[in-house]
Amino acid sequence: MEWKGNRNLLMAKRCRTFGHTADMGLEAHADTLGELLEALGEGLAGVICPRAQVAARQTRDLEVSSEDPEALLVEYLSAILNVIEADRFAVRTVSVVAADQGSVKACLSGEPLDPARHEILREVKAVTYHQTKIAREGGQWIGRVILDV
Amino acid sequence: MAERFKGKLEQMDANRWRIPRESYPGMRVDGIIYANDELIGDVISGGGPVQVANVATLPGIVTASLAMPDIHWGYGFCIGGVAAMDVEAGGVVSPGGVGYDINCGVRLVRSDIPAEEVRCRIKELVDQLFRDLPMGVGVGGPFQFARQEMKRILADGARYIVAKGLGTDQDLAATESGGCLPDADPEAVSGEAYKRGADQCGTLGSGNHFTETQYVETVYDRQAAEAMGLKEGNAAFMIHCGSRGLGHQVCDDYIRALRSVPDKYGIRLPDRQLVCAPVDSDPGRQYLGAMRAAANFAWANRQLLVYQLRKSLERFFGRPAEALGLRQVYDVAHNIAKIETHTVDGRRMRLCVHRKGATRAFPPGHEELPAIYRDIGQPVLIPGDMGRASYVLVGTQEAMKQAFGSTCHGAGRVLSRQAAIAKARGRRIEAELAAAGVIARARGRTSLAEEQPEAYKDVEAVVRCVVDAGLSRKVARLRPMGVIKG
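Please read all numbers here as calculations on a predicted model, not as lab measurements.

What chain A contains, in helices and strands, is two helices and eight strands. When burial is assessed residue by residue, chain A has 49% of its 149 residues classed as buried. Put simply, 64% of the contacts in chain A that link residues at least 6 apart link residues at least 24 apart.

In terms of regular secondary structure, chain B is built from 18 helices and 19 strands. Taken over C-alpha atoms, the radius of gyration comes to 21 Å for chain B, in line with the 23 Å a tight globule of 486 residues would show. Along the first, second and third principal axes, the C-alpha atoms of chain B reach 60 × 50 × 50 Å. For chain B, the proportion of its 486 residues judged to be buried stands at 61%. Sequence separation of at least 24 residues holds for 77% of the intrachain contacts in chain B that already meet a minimum separation of 6.

Moving on, we come to the sheet that holds strand S13 (residues 347–356) of chain B. All names here are of chain B. Taken in spatial order, the seven strands make up an open sheet running S1-S2-S3-S4-S5-S13-S12, and their pairing is mixed. What marks the edges here is a single partner per strand, and that holds for strand S1 (10–13) and strand S12 (335–344). Taking the axes of each pair of neighbouring strands and ignoring which way they run, one obtains an average angle of 25° across the sheet. Where S12 lies against S13, 10 bridges are found, and the strand directions are antiparallel. Across the sheet, Ile336 pairs through a bridge with Arg355, a residue of S13.

Taken together, the contact pairs 31 residues of chain B with 27 residues of chain A. Sorting the residues of the side of chain B that touches chain A by element identifies helix H8 (191–197), helix H10 (244–257) and helix H15 (417–424) of chain B as the ones contributing at least two each. The element that contributes the greatest number of residues to the side of chain B that touches chain A is H10(B), accounting for four residues. Taken together, the residues that form the side of chain B that touches chain A break down as eight nonpolar, 13 polar and 10 charged.

All names here are of chain A. Relative to strand S5 (residues 103–112), strand S3 (residues 58–65) runs antiparallel, the two being bridged by eight bridges. Bridge pairing in S5 places Arg60 opposite Leu108. Hairpin connection of strand S4 (residues 89–100) to S5: two residues between the antiparallel strands.

Moving on, we come to the pairing of strand S11 (residues 327–333) of chain B. All names here are of chain B. Of all seven residues making up S11, six are buried, and the element is well covered by its neighbours. By the bridge criterion, six bridges tie strand S7 (residues 105–114) to S11 in an arrangement that is antiparallel. Opposite Arg107, over in S11, you have Asp331 as the bridge partner.

To continue, consider the environment of Glu322(B). Residues and elements named next belong to chain B. The residue Glu322 is located in helix H13 (residues 321–324) in this model. Residue classification places Glu322 among the exposed positions, given that 11 C-beta atoms sit within 10 Å. In this structure the C-alpha to C-alpha distance between Glu322 and Asp112, which are 210 residues apart in sequence, comes to 9.5 Å.

The next subject is the packing of H10(B) against helix H12 (residues 282–317) of chain B. Residue and element names in this part refer to chain B. Two elements in contact, H10 and H12, have axes separated by 9 Å at closest approach and are oriented at 170°. The angle between H10 and H12 places the two elements in the roughly antiparallel class. Residues Arg244, Leu246, Gly247, Val250, Tyr254 and Ala257 of H10 form the contact with H12, whose participating residues are Pro283, Tyr287, Ala290, Met291, Ala294, Phe297, Ala298 and Asn301. Its residues placed into classes, the contact of H10 with H12 shows 11 nonpolar, two polar and one charged.

All names here are of chain A. In spatial order, the strands read S3-S5-S4; together these three strands make up an open sheet with antiparallel pairing. Looking along the sheet, the strands with just one partner apiece sit at the ends: S3 and S4. In this sheet, adjacent strand axes meet at a mean angle of 20° when their direction is disregarded. On the sheet, helix H1 (residues 33–48) packs against S4 and S5 and is oriented at approximately 160° with respect to S4. Most of the contacts of helix H2 (residues 69–86) go to S3, to which it runs at about 150°, and overall it touches S3, S4 and S5.

Right, let's talk about helix H2 (residues 48–55) of chain B for a bit. Residue and element names in this part refer to chain B. Of all eight residues in H2, eight are buried, a share of seventy percent or more. Looking only at H2, the buried set comprises Gly48, Pro49, Val50, Gln51, Val52, Ala53, Asn54 and Val55. Tucked into the core, H2 has its buried residues touching strand S2 (16–19), strand S3 (30–34), helix H1 (37–45), strand S4 (64–72) and strand S5 (79–86).

All names here are of chain B. Across the interface, helix H4 (residues 122–132) lies against H12 with an axial gap of 10 Å and an inter-helix angle of 135°. Overall, the two elements H4 and H12 adopt an arrangement that is oblique. The hand of the H4/H12 crossing is right-handed. Here Leu125, Gln128, Leu129 and Asp132 of H4 come into contact with H12, specifically with Gln308, Ser312 and Phe316.

Time to look at the environment of Asp271(B). All names here are of chain B. By secondary structure assignment, the location of Asp271 is in the loop between helix H11 (261–264) and strand S10 (277–278). Note on Asp271: 18 C-beta atoms within 10 Å, which makes it partly exposed. Separated by 194 residues in the primary sequence, Asp271 and Phe77 have C-alpha atoms spaced 9.4 Å apart. Here Asp271 is in contact with Asn54 and Gly76, once residues within four sequence places are set aside.

In this model, chain B carries an average pLDDT of 95, and 99% of its residues clear a pLDDT of 70 or more. For this predicted complex, the interface confidence score (ipTM) comes to 0.87, while the overall pTM stands at 0.95.

Another point: unusual backbone geometry. All names here are of chain B. With a phi angle near 60°, Ser177 is a residue other than glycine that sits in the positive phi range. By the secondary structure assignment, Ser177 is in the loop between helix H7 (169–173) and H8. Here Arg244, not a glycine, exhibits a phi torsion of approximately 55°, which is positive. Checked against the element boundaries, Arg244 lands in helix H10.

Here is what the cut-offs are and how they apply
- Residues numbered from 1 in each chain as written.
- Chains lettered and ligands numbered in written order.
- Predicted model: local features only at pLDDT ≥ 70, side-chain atom pairs only at ≥ 80, totals over all residues.
- Helix = DSSP H or I, 4+ residues; strand = E, 2+ residues; numbered from the N terminus.
- Buried ≥ 20, exposed ≤ 12 C-beta atoms within 10 Å, placed from the backbone.
- Contact = placed C-beta atoms within 7 Å.
- Rg over C-alpha atoms; globule rule 2.2 N^0.38 Å.
- Pairing = 2+ DSSP bridges.
- Axes fitted to C-alpha atoms, helices over the stretch in contact; angles between N-to-C directions.
- Nonpolar A, V, L, I, M, F, W, Y, C, P; charged D, E, K, R; others polar.
- Parallel < 35°, antiparallel > 145°, perpendicular 65-115°, else oblique.
- Left-handed = near helix turned anticlockwise from the far one by under 90°.
- pLDDT = per-residue confidence, 0-100.

Right, dumping it as structure tokens:
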């Protein structure tokens, strides 16, 4: 698949978007599970609002747990989406405080969404379970998820 | 990447292809895909057929797992999917069979305004509508409803909005289900869903949602067009929108809530997005209650959008709505699940009919149709892409026989958003549309690129297929003059 780097990246972890007929996918690779989740969380935030436009003035904590890694990935990203959509909070960074394959605790930095300063690129309706992947392969963590936009 | 279909696909006739139930393990019925020669290539190379086969494994499914010719890959169900489950036989309801945008649908308003009067001022009109109709990601609307009032909206849908003086009884009569599904349960909707939808009732949103100024180019069925008030050369206005963030969250909540339910009922799912519950179960009833509430929110949303559209047009043309002849033709839902009675092999059955990217198409004489349409059949509104055409069709008895009274919903995407953006590089889509006579304005930076005409199938081929298959009859062809998008 062609590499299309996310130009909104501010981090060393790699996250890219890929096409899906009506929607959009995110894929990331990282050395640790925590870094993978950070990359995907920031990737999600970045497809909604360029993170470079967002100042880290406030924080939001989230904690999710689930019965399997794929469900955990969807729940975690859905929780971030909820903070963005329901709380109208623009995210600059995602820091994972603790993570295993059944739970994740993270802290989001950012600020209230301000249409005057923050360009909203697109609306993400939901994080889907479709072709979700989270696995350790060849010494690296890889995660994939498709977003309904 | 779409999973390419490797199973058996047998051509039944010029417009239908069968996936035999022996093709995949667990299929309870055949899959049937509506597609003609023009469309079948894209169908096979996309992931839709695999999803049609997957849906055929769901408990209680009756007759066949169907897909309309605007089929494309979705979540669980393909877009264009229709599946009916026998409620009494433990048939299931699946949020994936409705979609995240619950009651995404289309509303059409006719007018007496000559297209020429609009065309010579189309840029100004587009600018006016762009100012007056709230659209775009993160853009709230002027209508703010406190939680208690939101619950009334979720219970009563468009009826609540009309009761507030923001619409007419004719609007409700010309809306599928009268703009309100009974047995909605606002208490089954989460706090997060209420929060996401808080200031979104009466807003267009973004993505493939739009308000389009059109003209009636061709009338094919004079009697039906007259009943609908569609006259060649007159302007019309089409709105495509759904349940906004509230509906998206309801679907998300219930995909999560129902996750462990299939195991409890011994249901093995080939795809996690097909999570489901028996209609006749507590979780099934809870999802249906929440889905109906979200559907009602969508009808209230479209009612408020039409109210704002009318006001904007009154301001622009300097005449009241009545003098402009602004009257609603119809409003259809194309992402919904409904309990309906259908005749299957001579037996009347109570079915949960999922239509995901498919439109109800009831025939002449159906009791659910308003009196003005009882002789002609239910209007079906098929938006094309913003450069080409949209269609008004009517439902048929054949649609009842073959497809539980269903037909297509639109053109169906062929390019991903990313591919569409890449294809638009170096081009000015807005200028290309203007050269073709369509003035387009969008709030999002990539909206026009993502929604360019080439991203979609040719609606002509899709409509040709459903008409040739007997699922619908053509009434009128509408062409765009102006479009606004979020």
